[in-house]
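Chain by chain, the residues run as shown.
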Amino acid sequence: MALVSGGDPTGSWIVGRTYPKSGGYQAVLWHEGTVAKVMLPGDLEESLQDVNASGTVVGWSYDASGPVPYAYRDGTVTRLASSGSALAINEAGRIAGDDGKGHPVVWASAGAKPVRLGVPAGTTDAQARDIDLDGTIVGSLGLEIPYVWMPDGTHRELPMPEIDGKPAAIAQAFDIRNGWVTGMASTTSLKGSRGTAPVIAVRWNLRTGVTEVTDGLQYPADAVNAYGWQIGTDRKGYAVVLAGDDVVRLPDLASHRADGTATIASSISDDGRVIAGQSDDAGGTIQAVMWRCR
């Protein structure tokens, strides 16, 4: 089987991994109808996370010491300085991720040393999840507070969304594109909670400061493009594109499941015409798929 984990803004490059019959994982890169193995070092789990329009890929692989961040381009794998994970790359080649010790970091390039991102005093765990065209990075503090790091070095919390008229107890920011940020929120804190509240999809607009709940999704969006269009799973379990007021349902490869696990969209191009993800075939095997919208 094969899974898609990300794509570039043009829709030309797609990253993911396959599961060989011999066992284990194999990182792969798709480009204009071709597929190539990416041979990451390490004997344990590996995953490619993001790719930019020049075909530079970032991801991570596990060895005996833990996660190790890597970049790949034109057949060459480069280990990034530091341990941890590389999770996102922008068109300038800046890479966001973590050092494996609870600190968010940014690499100016694949050959640069990592720089820790600033966090409030007393913070013991923070995550950098995605990086925008201008270098803005989003993530969270302690999996409970949505956070943004600006290109000028300043950083701050994102506003807590309101759920049923009250501020959410927790929220996280996952993806950013052209100032649009997507993530999740819940009325229940992760710390000391005995109950499980629904996870709500949320979108922030950094240009206007507007924070809104995305009612059309059952879970947080899987990706967002330059227009703020989101892809995810609706409340009937279908993979969908939310483009302003329009909702486009993506067809399943074979059968459908209401829990949303049969088909998952993972990346969307800036023009909204190329979407990649995964879908179960008639035999129940997960296949990497692409939807082309006219």
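Quick caveat: nothing in here was measured; it's all calculated off a predicted structure.

A. Broad picture of the overall build of the protein chain. Secondary structure summary: the protein chain contains zero helices and 29 strands in total. For 294 residues, the compact-globule formula gives about 19 Å, and the C-alpha radius of gyration of the protein chain, at 18 Å, lands near that figure. Each of the 294 residues in the protein chain was classed as buried or not, and the buried ones make up 49%. In the protein chain, of all internal contacts separated by at least 6 residues, the share reaching a separation of at least 24 is 36%. Accessible surface, the protein chain as shown: approximately 13700 Å² in total, 51% of it carbon and sulfur.

B. Region of interest: the side chain of Ser61. With respect to the helices and strands, the residue Ser61 is situated in strand β6 (residues 57-63). A polar side-chain atom of Ser61 sits 2.5 Å from the main-chain carbonyl oxygen of Pro41. Look past the residues within four positions of Ser61 in its chain and what remains in contact with it is Leu40, Pro41, Gly42, Glu45, Glu46, Gly66, Pro67, Val68 and Tyr70.

C. Spotlight on the nonpolar core. Within the largest apolar cluster, 13 residues are counted, with the highest numbers of intra-cluster contacts made by Val138, Leu158, Ile163, Ala173, Val181, Ala185 and Trp204. Looking at this core, the elements that each hand over two or more residues are β19 (170-177), β20 (180-186) and β21 (200-205). If you look at the next biggest cluster of nonpolar residues, it comprises 12 residues, including Val51, Val68, Tyr70 and Tyr72.

D. Inspection of the sheet that holds strand β27 (residues 263-268) at higher detail. The strand order across the open sheet formed by three strands is β27-β28-β29, and the pairing between neighbours is antiparallel. The strands lining the two open edges of the sheet, one partner per strand, are β27 and β29 (286-292). Put simply, the sheet's adjacent strands are angled 25 degrees from each other on average, direction ignored. Where β27 meets strand β28 (residues 274-280), five bridges bridge the pair, whose relative direction is antiparallel. Bridged to Thr263 within β28 is Ser279.

E. Representation of the sheet that holds strand β23 (residues 223-224) within the structure. Strand order in the open sheet made by the four strands is β23-β24-β25-β26, with antiparallel pairing throughout. Edge strands, defined here as strands with exactly one partner in the open sheet, are β23 and β26 (246-249). By the bridge criterion, four bridges tie strand β25 (residues 239-243) to β26 in an arrangement that is antiparallel. Within β26, the residue paired with Val241 across the bridge is Val248.

F. Structural context of the packing of aromatic side chains. Taken as a whole and judged by the stated rule, the model has four aromatic pairs. In this structure, Arg249 packs its charged tip against the face of Tyr238, placed 3.8 Å from the ring centre.

G. Spotlight on unusual backbone geometry. Of note in this structure, Asp164 is not a glycine but carries a positive phi near 55 degrees. Looking at the element boundaries, Asp164 is found in the loop between β17 (162-163) and β18 (166-167). The exposed category is assigned to Asp164, whose relative accessible area is 76%. Positive phi, normally seen in glycine, also occurs at Asn178, with a value near 55 degrees. The exposure class assigned to Asn178 is partly exposed, which follows from its relative accessible area of 34%.

Procedures and definitions
- Residues numbered from 1 in each chain as written.
- Predicted model: local features only at pLDDT ≥ 70, side-chain atom pairs only at ≥ 80, totals over all residues.
- Heavy atoms only, no water.
- Helix = DSSP H or I, 4+ residues; strand = E, 2+ residues; numbered from the N terminus.
- Rg over C-alpha atoms; globule rule 2.2 N^0.38 Å.
- Buried < 20%, exposed > 50% of the residue type's maximum accessible area, 1.4 Å probe, protein only.
- Contact = heavy atoms within 4.5 Å.
- Areas by Shrake-Rupley, 256 points an atom, 1.4 Å probe, with all protein chains shown as cover.
- Polar contact = N/O pair within 3.5 Å; in protein donor to acceptor, adjacent residues only side chain to side chain.
- Core = buried A, V, L, I, M, F, W, Y, C linked by side-chain atoms within 4.5 Å.
- Pairing = 2+ DSSP bridges.
- Axes fitted to C-alpha atoms, helices over the stretch in contact; angles between N-to-C directions.
- Phe/Tyr/Trp six-rings, centres within 6.5 Å; stacked < 30°, edge-to-face > 60°.
- Lys NZ or Arg CZ within 6 Å of the ring centre and 35° of its normal.

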